[in-house]
Amino acid sequence: MTDLSKTITELSIPPNSGNEIDSRFFILSDFLALKRIVIGDESFDNVYKFSIEGLVNLESFVIGKNCFTASKNGRGDDPHRTFAIVNCPKLIIISIGCYSFSDYSGEFKITNCGSLQEIKIGEVGYESCNFHDASLDLRSRCRLRVSSLDLPSLKQIEMGNKAFCNAENVKLESGQA
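These figures come from a predicted structure and were not determined experimentally.

Q: Talk me through the overall build of the protein chain; I want residue IDs and the actual numbers.
A: Assigned secondary structure in the protein chain consists of 0 helices and 12 strands. Each helix and strand of the protein chain, placed in order from N terminus to C terminus, yields the pattern β-β-β-β-β-β-β-β-β-β-β-β. The buried share among the 177 residues of the protein chain stands at 46%. At a minimum sequence separation of 6, the contacts of the protein chain that also span at least 24 residues come to 81%. Working note: accessible area of the protein chain is about 8700 Å², and carbon and sulfur atoms make up 47% of it.

Q: With reference to specific residues and values, describe the pattern of salt bridges.
A: Taken as a whole and judged by the stated rule, the model has 9 salt bridges. The closest approach of N and O atoms between D45 and K72, which form a salt bridge, is 2.6 Å. Separated by 27 residues along the polypeptide, D45 in the loop between β3 (36–39) and β4 (49–53) and K72 in the loop between β5 (60–63) and β6 (82–86) bring together distant segments of the chain. Relative accessible area serves as the criterion here: at 18%, D45 is assigned to the buried category. Residue classification places K72 among the partly exposed residues on the basis of a relative accessible area of 29%. Across the salt bridge formed by D78 and R81, the nearest N and O atoms sit 3.9 Å from each other. Each member of the pair, D78 together with R81, is buried. Taken together, the shared-partner salt bridges in this structure form one network comprising E42, D45 and K72.

Q: Describe the sheet that holds strand β7 (residues 93–96), and please don't skip the residues or the numbers.
A: To summarise the sheet geometry, strands pair through backbone hydrogen bonds and adopt either a parallel or an antiparallel arrangement. Sheet architecture is open: 6 strands sit in the order β1-β3-β5-β7-β9-β11, paired in parallel fashion. The open sheet has two free edges, formed respectively by β1 (10–13) and β11 (156–159), since each of these has just one partner strand. Pairwise comparison of adjacent strand axes, ignoring direction, gives a mean angle of 0 degrees for this sheet.

Q: Hey, could you go over the state of the cysteines for me, with residue numbers and the actual values?
A: Scanning the entire structure with this criterion turns up 0 disulfides. Not part of a disulfide, C98 finds its nearest cysteine sulfur in C129, a span of 9.0 Å. With no disulfide of its own, C113 lies closest to C88 among cysteine sulfurs, the gap being 4.9 Å. For C113, a relative accessible area of 2% puts it in the buried group.

The rules behind each value
Residues numbered from 1 in each chain as written. Predicted model: local features only at pLDDT ≥ 70, side-chain atom pairs only at ≥ 80, totals over all residues. Heavy atoms only, no water. Helix = DSSP H or I, 4+ residues; strand = E, 2+ residues; numbered from the N terminus. Buried < 20%, exposed > 50% of the residue type's maximum accessible area, 1.4 Å probe, protein only. Contact = heavy atoms within 4.5 Å. Areas by Shrake-Rupley, 256 points an atom, 1.4 Å probe, with all protein chains shown as cover. Salt bridge = Lys/Arg side-chain N within 4 Å of Asp/Glu carboxyl O. Pairing = 2+ DSSP bridges. Axes fitted to C-alpha atoms, helices over the stretch in contact; angles between N-to-C directions. Disulfide = S-S within 2.5 Å.

Here it is as C-alpha cells:
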C-alpha cells in the first residue's frame, strides 16, 4: 500500500488480497483524508499486526468474512496476533465479517474513537468466532460528565456466536478526568 496517494478518501480492497506469505503487517496511519475502508472476503491471511491509528477523517471500516485469519471458518489461538484502532475521532461504524480475526488472541483495542456509534463483529445468531480467545478493551482518555464510558455516540454492539468466547477480560471504560 506504499504506492497509494496519501490523499485518497476511500480504500476498497478486493477479495483474496494480501495473502502473500510476507504480508505480516497491516498498518494504516498516514492516510489522513481516508473516510472509508472496505476489505473483501478471504484477505490478509498472514497478518499478525493489524493497526489503524490517527486516521482523523475515517468514518466507516468494513471487513468481509474470513479476513486476517489462518483459521478459515474456524478458530485459533495466537497471542502474537494483535488488533488496534486508535485515535480515529470521526469513526462511526466498525463492521467485521464472520471468522475474521478468529485466531487473534493478542491485544484487541479500540481507543479514542468518540464518534463510534456501531460495532458489528460477526453475525448475530451465527457462529462467528471473531477474536475467539482475545479479551475486549474499549477505552478513552476523556471522561464525559453524563457517562463513565466515553463512547458518547455508541448505540449498538452486535456480536456473533463465539466472538470473544474465551475472553479473560472485558473492559468498557474511560480514563480519569
